[in-house]
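# Examining the three-dimensional arrangement
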Amino acid sequence: MMKIISVLSLAMITKLMYFNKLIGGRVSGVVSLVISLIGAFMIIHFLTPLLTRKWRVRYLFFINIIITFLIVSNLLFYRYFNDIITLPIITQISMVGSVYSSVLNLINFSDLLFIADFLFYIPMFKMKKEAKCRIENKTISIIISFVLLITGYLFSYYGVYLLDKKQPKILTTFYDKSYVVHHIGLINYHAIDAFKFIKEEVSMSKSLKDDEINKIKDWFKQSKLSIPNDNSYFGVGKGMNLIMVQVEALQEFVIGRKINDMEITPNLNKLIQKSIYFENFYCETGAGGTSDAEFLANTSLYPIRTGAVYMKYPGNYYYSLANVLKERGYSTFAMHAYKPGFWNRSVMYPNLGFNEYLNRNHYEHDEIIGMGLSDKSFFRQSIDYLKKVKEPYYAFMVTLTSHYPYDNTKAYNDALKVGELKGTFLGNYLEAIHYADEALGYLIDRLEEEGLMDSTLLVIYGDHYAVSKDRKDELADFLNIENMDNYMWVKLQKMPLIIHLPGDEGAGIKTIAGGGVDIMPTLLNLMGIDGRNIPMMGRDLLNCEEGMAIMRNGYFIDDNYLCLTADGVAYDITTGEPYSIESLRDKIDNVFMELDISQKIIENNLVEEIRNYLMEID
Ligand code: GP9
Ligand code: MN
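The structure presented is a predicted model; accordingly, all values stated were derived computationally and were not measured.

Calculation notes
- Just so you know, the residues in each chain are numbered from 1, in the order the chain's sequence is written.
- Chain A is the first chain written and ligand 1 is the first ligand written, with later ones labelled in order.
- pLDDT decides what is reported in this predicted model: residues at 70 or higher carry local features, side-chain atom pairs at 80 or more are listed and counted, and totals for whole chains, interfaces and linings draw on all residues regardless.
- Side-chain metrics rest on all non-hydrogen atoms present in the structure, leaving aside hydrogens and water.
- The numbering of helices and of strands both runs from the N terminus, where a helix is a DSSP run of H or I of at least 4 residues and a strand a run of E of at least 2.
- As a reference, a globule follows 2.2 Å times the number of residues to the power 0.38, and the radius of gyration itself is taken over C-alpha atoms.
- The buried label goes to any residue with under 20% of its type's maximum accessible area, the exposed label to any with over 50%, and the partly exposed label to all in between, with areas taken from a 1.4 Å probe on protein chains only.
- By definition, residues are in contact when any of their heavy atoms lie within 4.5 Å.
- Here the open area of atoms and residues is found with the Shrake-Rupley method and a 1.4 Å probe, where only the protein chains shown may cover a residue.
- If DSSP finds at least two bridges between two strands, the strands pair.
- Axis definition: a line fit to C-alpha positions, over the contact stretch in the case of helices; interaxial angles, taken between N-to-C directions, run 0 to 180 degrees.
- Nitrogen, oxygen and sulfur within 2.8 Å of a metal are treated as its donors, or within 3.2 Å for sodium, potassium and calcium (Na, K, Ca); water is not counted, so a site can appear incomplete.
- Geometry assignment treats four donors as tetrahedral when all angles are between 85 and 135 degrees, treats four as square planar and six as octahedral when opposite donors are over 155 degrees apart and all others between 65 and 115, and treats everything else as irregular.
- Domain start and stop points were drawn from an automatic or database domain assignment.
- Summed over both partners, the accessible surface that disappears when two parts come together, traced with a 1.4 Å probe, is what is meant by buried area.
- Here, a salt bridge means any side-chain nitrogen of Lys or Arg that lies within 4 Å of a carboxyl oxygen of Asp or Glu.
- Under this definition, polar contacts are N or O atom pairs within 3.5 Å; protein pairs additionally need one hydrogen-donor-capable and one acceptor-capable atom, and for neighbouring residues in sequence, both atoms have to be side-chain atoms.
- How far a helix is expected to stretch is found by multiplying one less than its residue total by 1.5 Å.
- Planes of paired rings set the category: under 30 degrees apart is stacked, over 60 is edge-to-face and the rest tilted, where pairs are Phe, Tyr or Trp rings (Trp by its six-membered ring) whose centres lie within 6.5 Å.
- In this analysis the charged atom, NZ for Lys or CZ for Arg, is taken to sit over a ring once it is within 6 Å of the ring centre and within 35 degrees of the ring normal.

### Structural notes on the overall build of the protein
Each helix and strand in the protein was counted, giving 24 helices and 17 strands. On C-alpha atoms alone, the protein measures out to a radius of gyration of 27 Å, which is about the 25 Å that the 2.2 N^0.38 rule sets for 618 residues. If you line up the protein on its principal axes, its C-alpha atoms span 90 × 60 × 50 Å. Split into buried and exposed, the 618 residues of the protein put 56% on the buried side. Pairs at least 24 residues apart make up 74% of the contacts formed inside the protein by residues separated by at least 6 positions. A total accessible area of about 27,000 Å² is found for the protein, and carbon and sulfur atoms account for 57% of it.

Set out below in structure tokens:
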């Protein structure tokens, strides 16, 4: 019997390995994968010692059906979306419909291999005699079963632990699901996915009561009524192309700064002179990192409390920037030359209204730096592409080269002389961001050469922090900050936001506080689109009296104060003097209300309902 179990199990393991290979993983030498697979199969087999021969075969047959189903559905999903299935996707699933409708095109003849091992079961089921069908020794069987379960769990746990050590945030956000499967296998991946899903479903507030929905509607009604009728800059970019570039790890402290007499970001500094520049634009991202920054800018909703909205609510309806522009005749492109499934983009981008998503598979990889295609080549190929598409268009470009750990210094050819910082973490970052700036310089030059600058709104902003808090001393030294306390640290969590209008219109520095959530309302106004009926949490930074940046943890910064809400302290933003937090009580209540409203909208997929409501109250 042991032989039979081994053969059947081996067939299942081979299928899982083959699946990993088909989705671009390595099948040998990945220690965590081997350990996790052994663990998973021990757990699967924990029942077998307790079963009779006949039931053992039936049990394995049943397990094989489940595993095969998981493999095949994931394979089809992968061929369509370049990604792995996760339970939140299945439950929201309008997008799975599109996979179903093209199922026949997605199947290959060789996929039959995945069901070939079912042939082994035919002779087993035919075997009549129930020889030795009784369980020999109950106690021993129970002990073996128990040992299998515990050891299996320990193995799986260790495999997962190894992955967690290698990529610390990957299990909480699942930002690269195929990477997870490559390292712990499909079974353990789905077990963790199911566990996370159930935990979150249980903790999630049940459906909203009517009065809660009404409260949300009322908030939007008030905010609609508070938008002035005569908005300055309204429509100055009407009908123009929109190119929005989200730059990886671009922090504000590098702007206008020099090292060894050299500007760190000469091209951005030059562009800022000709643009509307928001110098108090803060990071509002949560656990979703880059994807949260994209979400903020494209939907004007806040990131969710835990995990990443791209992973957990990709099936919601979002009246996003691309969806709004598409309705007005724009062609819409998302461009990011990395794995399409990363951050669930292959699922999320179409849902956010992008007609096309140009990912790693669409670019020629003629220059690689760090994680993938260099920013320069990315911009060159992206503009080559955009030259041929129908105008007006919205192109959303997400860069990659200046990604942590910034250590591809060879590729930067010592273009920025960082002197004694050479080889340090901060020195490497400065070199990387100098490179990103050079690539942006190329983009700007190309837009000018192609004559596109006069018909394009160019928006550039950073996605999130570059220097993590454990490196704060290095940053303090570099910026000559004596006391890098919490106030100072939070004040440094700024990124540049640059909006360039044709003819350099409106150029100047704006001091109003803001964050990613404000990008969409600001742009809609510039593009002559009335955003009053669109459920947006952000403010139009060019037409509002008071700015406010809200961080996902409830810290906030307005034009006068910086409030570390949970720590119970507030400061005058300019002097750094402590300020009575009690006087900010109303603001604090508002901050939490805004975060809560945004969270509920996302959890309950309310965008459409609120939009309909806002249109009714015209
Ligand atoms: C890769 C990139 C990285 O596609 O966007 O995301 P991050 O690690 O910065 O969140
Ligand atoms: Mn990023």
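### Looking at the sheet that holds strand β13 (residues 548–550)
Ordered in space as β13-β14-β15-β16-β17, the 5 strands form an open sheet in which the pairing is antiparallel. Of all the strands in the sheet, just β13 and β17 (578–579) have a single pairing partner and so form its edges. Across the sheet, helix α23 (residues 585–603) touches β13, β14 (556–558) and β15 (561–564), and the angle it forms with β13 is around 55 degrees.

### Some details on the coordination of the manganese ion (ligand 2)
Looking at the manganese ion (ligand 2), one finds its protein donor set to be Glu248 (OE), Glu248 (OE), Thr290 (OG1), Asp463 (OD) and His464 (NE2), positioned 2.1 to 2.4 Å from the metal centre. Every donor counted, the 6 donor atoms about the manganese ion (ligand 2) form angles of 56 to 167 degrees at the centre, which fits irregular coordination.

### Let's talk about the domain arrangement of the protein
One frequently used descriptor of interface size is the decrease in accessible area upon assembly of the parts. Domain assignment breaks the protein into domain 1 (2–204) and domain 2 (213–616). On a C-alpha basis, the centroid separation for the pair domain 1 and domain 2 is 40 Å. In this complex, domain 1 contributes 20 residues to the contact, which on the side of domain 2 involves 18 residues. Roughly 1,600 Å² of surface becomes buried between domain 1 and domain 2 when both sides are summed, with 56% attributable to carbon and sulfur atoms. For the pair domain 1 and domain 2, the interface holds 2 salt bridges. For glutamate 200, the salt bridge is made with lysine 312, and the minimal N-O distance between the two is 3.4 Å. Taken together, domain 1 and domain 2 are joined by 5 residue pairs in polar contact (both at pLDDT 80 or more).

### Things to note about helix α14 (residues 289–299)
The buried fraction of α14 is high, at 11 of 11 residues. One or two positions beyond α14, positive phi appears at serine 300, with a value near 55 degrees.

### Describing the sheet that holds strand β4 (residues 276–282)
With respect to topology, 8 strands assemble into an open sheet ordered β6-β5-β9-β1-β10-β11-β4-β12, the strand pairing being mixed. On the outer flanks of this sheet lie β6 (356–358) and β12 (508–515), each paired with one strand and no other. Neighbouring strand axes in the sheet, compared pairwise and without regard to direction, differ in orientation by 15 degrees on average. Where strand β5 (residues 331–335) meets β6, 3 bridges bridge the pair, whose relative direction is parallel. Following the sheet pairing, phenylalanine 333 is matched in β6 by glutamate 356. Its contacts with the sheet place helix α19 (residues 425–449) against β1 (241–247) and β10 (456–462), and it is angled at close to 170 degrees to β1.

### Topic: α23
With 19 residues, α23 extends 27 Å from end C-alpha to end C-alpha; this agrees with the ideal 27 Å at 1.5 Å per step. Within α23 the residues assigned to the buried category are Ile588, Val591, Glu594, Leu595, Ile597, Ser598, Gln599, Lys600, Ile601, Ile602 and Glu603. Immediately beyond the C-terminal end of α23, within one or two residues, lies asparagine 605, with a positive phi of roughly 55 degrees.

### Describing the packing of aromatic side chains
Two aromatic rings, taken as a pair, are described by how far apart their centres are and by the angle between their planes. Inspection of every chain in the model, using the stated rule, returns 35 aromatic pairs. Judged by centre distance (5.6 Å) and plane angle (85 degrees), the ring pair of phenylalanine 61 and phenylalanine 118 falls under edge-to-face. In this pair, phenylalanine 61 sits in helix α3 (residues 53–81) while phenylalanine 118 sits in the loop between α7 (113–116) and α8 (121–126), placing the two residues 57 residues apart along the sequence. For phenylalanine 61, a relative accessible area of 27% translates into the label partly exposed. Ring geometry for phenylalanine 333 and tyrosine 385: centres 5.8 Å apart, planes at 80 degrees, overall edge-to-face. Remark: tyrosine 385 occurs in helix α18 (residues 375–386) and phenylalanine 333 occurs in strand β5; sequence separation between them is 52 residues. Among the aromatic side chains, those forming a connected cluster through ring pairs are Phe253, Tyr404, Tyr406, Phe425, Tyr429 and Phe478. Positioned above the aromatic ring of phenylalanine 174 is the side chain of lysine 196, whose terminal nitrogen or guanidinium carbon lies 4.6 Å from the ring centre. Of note, arginine 471 hangs over the ring of phenylalanine 425, and the distance from its end group to the ring centre comes to 4.2 Å.

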